[in-house]
Amino acid sequence: MRAPRLAVLASGTGTLLEAVLAHGIPVALVLADRPCRALEVGAAAGVRSELVERTEWSFGFDRAAYTERVVKALQDAEIDVVAMAGFGTIVPALPDAYPGRVLNSHPALLPAFKGWHAVRAALDAGVTETGTTIHVATAEVDDGPILAQEAVPVLPGDTEETLHERIKQVERRLYPQTIRRFLASL
Ligand code: GRF
């Protein structure tokens, strides 16, 4: 049997993708929903990097049709495992196409602070500790079996940026480690 082929889905700066690559984990595809640095990171590393552009951001967004385009791109690249690394479009049907094979890194200690603004929500709540959770994604957003979790302190004077960066420093170690362990378990 061939080694499982991994895709990384991103929308932003792609520092988690960089960490995955730096850990020597083979990435077969980088997929983004918008032009972003993550696509440049992938291309610079010689990884097939595809923009499956989301052009509709209003209420009329056809999420099912967009998800189909993502799944098609993944299947065309013969992907077996998907790692979400800051992908900004919710694609709830993706785990149906890859049951138990979609991973996500979330910048909070789930089940606390689900959603896109998890870092701000933790700050607003005044907690002294938040963190990161690596989990298997299901149709429910920021839900599913937890593979790894690590706490990060909230420090006096933290902004969303400083706290998110402290969390990402942990994610850049924990996500690659967890992906490696997950791939080895298949
Ligand atoms: C990470 O904090 C991840 O948990 C969240 O988006 C961020 C991605 O960071 N979902 P980057 O774009 O890879 O730097």
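Only a predicted model underlies this, so the values are computations on that prediction, with no experimental measurement involved.

A. Highlighting the overall build of the chain. Of the regular secondary structure elements, the chain holds six helices and seven strands. If you list the helices and strands of the chain from N to C, you get β-α-β-α-β-α-β-α-β-α-β-β-α. Since a compact globule built from 186 residues should have a radius of gyration of about 16 Å, the 16 Å found for the chain is in line with a globular shape. By its C-alpha atoms, the chain is 45 × 40 × 30 Å across when sized along the principal axes. For the chain, the proportion of its 186 residues judged to be buried stands at 46%. If you take every contact in the chain between residues at least 6 apart in sequence, the share linking residues at least 24 apart comes to 57%. Of the accessible surface of the chain, which amounts to about 8900 Å², a share of 55% is contributed by carbon and sulfur atoms. Taken together, the 18 basic and 23 acidic charged side chains of the chain have centroids lying 5 Å from each other.

B. Here's a closer look at the packing of aromatic side chains. Within the structure shown, the criterion is met by one aromatic pair. Measuring from centroid to centroid gives 5.8 Å for Phe61 and Tyr66, while their planes differ by 50°, and the two rings are tilted. Positioned over the ring face of Trp57 is Arg54, at 4.0 Å from the centre of the ring. The ring of Phe61 carries the charged tip of Arg54 above its face, separated from the ring centre by 3.7 Å.

C. Up close: the site of the ligand. Lining the immediate environment of the ligand, one finds Gly12, Thr13, Gly14, Thr15, Leu16, Gly86, Ser105, His106, Pro107, His164, Lys168 and Glu171. Take Glu171: an N or O atom from its side chain is 2.4 Å from an oxygen atom of the ligand. Relative to its unbound accessible area of 370 Å², the ligand is 91% covered by the protein chains. Where the shell around the ligand is concerned, the elements lending two or more residues are α1 (15-22), β5 (102-106) and α6 (160-185). Considering each element in turn, the shell around the ligand owes the most residues, three residues, to α6. Along the lines of polarity and charge, the residues of the shell around the ligand split into two nonpolar, eight polar and two charged.

D. Spotlight on α1. Within α1, burial applies to Thr15, Leu16, Leu17, Ala19 and Val20. Contacts made by the buried residues of α1 are with β1 (6-10), β2 (29-32), α2 (37-44), β5 and α6.

E. Spatial organisation of the environment of Gln149. Checked against the element boundaries, Gln149 lands in strand β7 (residues 146-153). Under the relative-accessibility criterion, Gln149 is labelled partly exposed at 38%. As for Gln149 and His164, which are separated by 15 residues in sequence, their C-alpha atoms are 15 Å apart. When residues no more than four places from it in sequence are discounted, the contact partners of Gln149 are Leu109, Leu110, Thr132, Thr133 and Leu174. Here the side chain of Gln149 touches Leu110 through a polar contact of 2.7 Å, landing on its backbone oxygen.

F. View of the pattern of salt bridges. Taken as a whole, this structure holds 10 salt bridges when the rule is applied. Here Arg2 and Asp80 are joined by a salt bridge, their closest N and O atoms 2.6 Å apart. With Arg2 in the segment before β1 and Asp80 in the loop between α3 (63-76) and β4 (81-84), the pair connects residues that are 78 residues apart, well separated along the chain. Between Glu50 and Arg48 there is a salt bridge, and its shortest N-O distance comes to 2.8 Å. Using a relative accessible area of 23% as the deciding quantity, one classes Glu50 as partly exposed. Owing to a relative accessible area of 40%, Arg48 belongs among the partly exposed residues under this scheme.

G. Spotlight on the packing of α1 against α2. Contact geometry of α1 with α2 gives a least axis separation of 9 Å together with a crossing angle of 20°. When the axis of α1 is compared with that of α2, the two are roughly parallel. Seen from above, α1 lies across α2 with right-handed handedness. The residues of α2 that touch α1, namely those facing Thr15, Leu17, Glu18 and Leu21, are Arg37, Ala38, Val41 and Gly42. Looking at side-chain class alone, the contact of α1 with α2 contains four nonpolar, two polar and two charged residues.

Criteria and thresholds
Residues numbered from 1 in each chain as written. Predicted model: local features only at pLDDT ≥ 70, side-chain atom pairs only at ≥ 80, totals over all residues. Heavy atoms only, no water. Helix = DSSP H or I, 4+ residues; strand = E, 2+ residues; numbered from the N terminus. Rg over C-alpha atoms; globule rule 2.2 N^0.38 Å. Buried < 20%, exposed > 50% of the residue type's maximum accessible area, 1.4 Å probe, protein only. Contact = heavy atoms within 4.5 Å. Areas by Shrake-Rupley, 256 points an atom, 1.4 Å probe, with all protein chains shown as cover. Lys, Arg positive; Asp, Glu negative; His and termini not counted. Charge placed at Lys NZ, Arg CZ, Asp CG, Glu CD. Phe/Tyr/Trp six-rings, centres within 6.5 Å; stacked < 30°, edge-to-face > 60°. Lys NZ or Arg CZ within 6 Å of the ring centre and 35° of its normal. Near = heavy atom within 4 Å. Polar contact = N/O pair within 3.5 Å; in protein donor to acceptor, adjacent residues only side chain to side chain. Nonpolar A, V, L, I, M, F, W, Y, C, P; charged D, E, K, R; others polar. Salt bridge = Lys/Arg side-chain N within 4 Å of Asp/Glu carboxyl O. Axes fitted to C-alpha atoms, helices over the stretch in contact; angles between N-to-C directions. Parallel < 35°, antiparallel > 145°, perpendicular 65-115°, else oblique. Left-handed = near helix turned anticlockwise from the far one by under 90°.

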